Amino acid sequence: MKFTFVTIFPNLIKPYFEDSIMKKAIDKGLFSIEFVNFRDFSTNKHKKVDDTPFGGGAGMVLQTTPLYNCLTSLKKTYPNSKIIFLTPVAKLFNQKDSKRLANEEVIIFVNGRYEGFDERLIEEFADEVLSIGDFILSGGELASMVLADSIARNIKGVLGNNDSLEIESFEGDLLEAPTFTKPKTDTNFKYSNVVS
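What counts and what doesn't
Residues numbered from 1 in each chain as written. Predicted model: local features only at pLDDT ≥ 70, side-chain atom pairs only at ≥ 80, totals over all residues. Heavy atoms only, no water. 1 Å grid on protein atoms, 1.4 Å probe; cavity = no way out; pocket = protein on both sides within 12 Å on 5 of 7 lines; lining within 4 Å. Points joined across faces, edges and corners; volume = space filled by probe spheres on them. Pairing = 2+ DSSP bridges. Helix = DSSP H or I, 4+ residues; strand = E, 2+ residues; numbered from the N terminus. Axes fitted to C-alpha atoms, helices over the stretch in contact; angles between N-to-C directions. Contact = heavy atoms within 4.5 Å. Right-handed = clockwise from strand over helix to strand, strands pointing away. Core = buried A, V, L, I, M, F, W, Y, C linked by side-chain atoms within 4.5 Å. Buried < 20%, exposed > 50% of the residue type's maximum accessible area, 1.4 Å probe, protein only.

A.B. asks: Can you break down the layout of surface pockets residue by residue, with the values?
C.D. replies: Here the largest pocket is characterised by a volume of approximately 440 Å³. Residue lining of the largest pocket: 24 residues in total, with Leu86, Thr87, Pro88, Val89 and Gly116 positioned closest to the centre.

See below:
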């Protein structure tokens, strides 16, 4: 499995995969990550990737040319990839999606900025368009990290104990019960109801 992050801010994502469970899984070769800066595919001398919206309005919209060139190149490199655009106006990502997507060979996350993508890019390239919730972020990077983390956990061997995947929240459409740690009693807490 490979996660390819298409973004103009790769340094926002890189540190997340440099520690803990994700780093261990990468070191074991269970999945890999790649960053592609679509600014590198801009054809203007200033490497600009945004412009004002057609028809007016506030904010800036990502231009079609840099992303078109970038995604065309990636599609040639990874013909069996799944291209996912992250946007708040999309289907809500869930645990079933996470498990399903863990079987893909390459997932390309297209991370927007500003007012988002030109819709023609989504129509041309998107295999799926997903959201992590009904709220606005400064860009798609956080959303793509959420998806990558959730999907990676469903790759065999990423978690220390694969049984952990079977008793998590959202398995069988239920939430996991509250959890407690040992020891059974803790002098730092004054319980009104002692766990027995």
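There's more to say after this.
A.B. asks: So what about the sheet that holds strand S7 (residues 128-131)? Which residues, and what values?
C.D. replies: Across the sheet, which stays open at both edges, the five strands sit in the order S2-S1-S6-S5-S7 with parallel pairing between neighbours. Two strands lie at the open edges of the sheet, namely strand S2 (32-36) and S7, each paired on one side alone. Between one strand axis and the next, the sheet turns by 30° as a mean value, whatever way the strands run. Here strand S5 (residues 82-92) runs beside strand S6 (residues 106-111); their pairing, made up of five bridges, is parallel. Along S6, the bridge assignment pairs Ile84 with Phe109. Against the sheet, helix H5 (residues 141-152) contacts strand S1 (2-6), S5, S6 and S7, and its axis sits at roughly 160° relative to S6.

A.B. asks: Could you give me a rundown of the pairing of S5, with the residues and numbers involved?
C.D. replies: Between the parallel pair S5 and S6, the chain is carried across by helix H3 (residues 95-101), and the sense of this crossover is right-handed. Bridge count between S5 and S7: five bridges; the pairing is parallel. Pairing of Phe85 across the sheet is with Val129, part of S7.

A.B. asks: I'd like a rundown of the nonpolar core, residues and numbers included.
C.D. replies: Counting 23 residues, the largest nonpolar core has Phe3, Phe17, Phe31, Ile84, Phe109, Leu147 and Ile151 as the members making the most contacts within it. Of all the secondary structure elements, the ones that give two or more residues to this core are S1, helix H1 (20-27), S5, S6 and H5. Of all the elements, H5 adds the most residues to this core, at six residues. Listed in part, the 18 residues of the second largest apolar core include Leu67, Tyr78, Phe85 and Leu121.

A.B. asks: If you had to explain the pairing of S6 to someone new, which residues and values would you point to?
C.D. replies: Across the six residues of S6, six count as buried, placing the element largely inside the fold. Covered by surrounding structure in S6 are Val106, Ile108 and Val110 together with Ile107, Phe109 and Asn111, the residues of both alternating faces. The sheet contact formed by S1 and S6 spans five bridges and is parallel. Bridging from a neighbouring strand, Thr4 pairs with Ile108 of S6.

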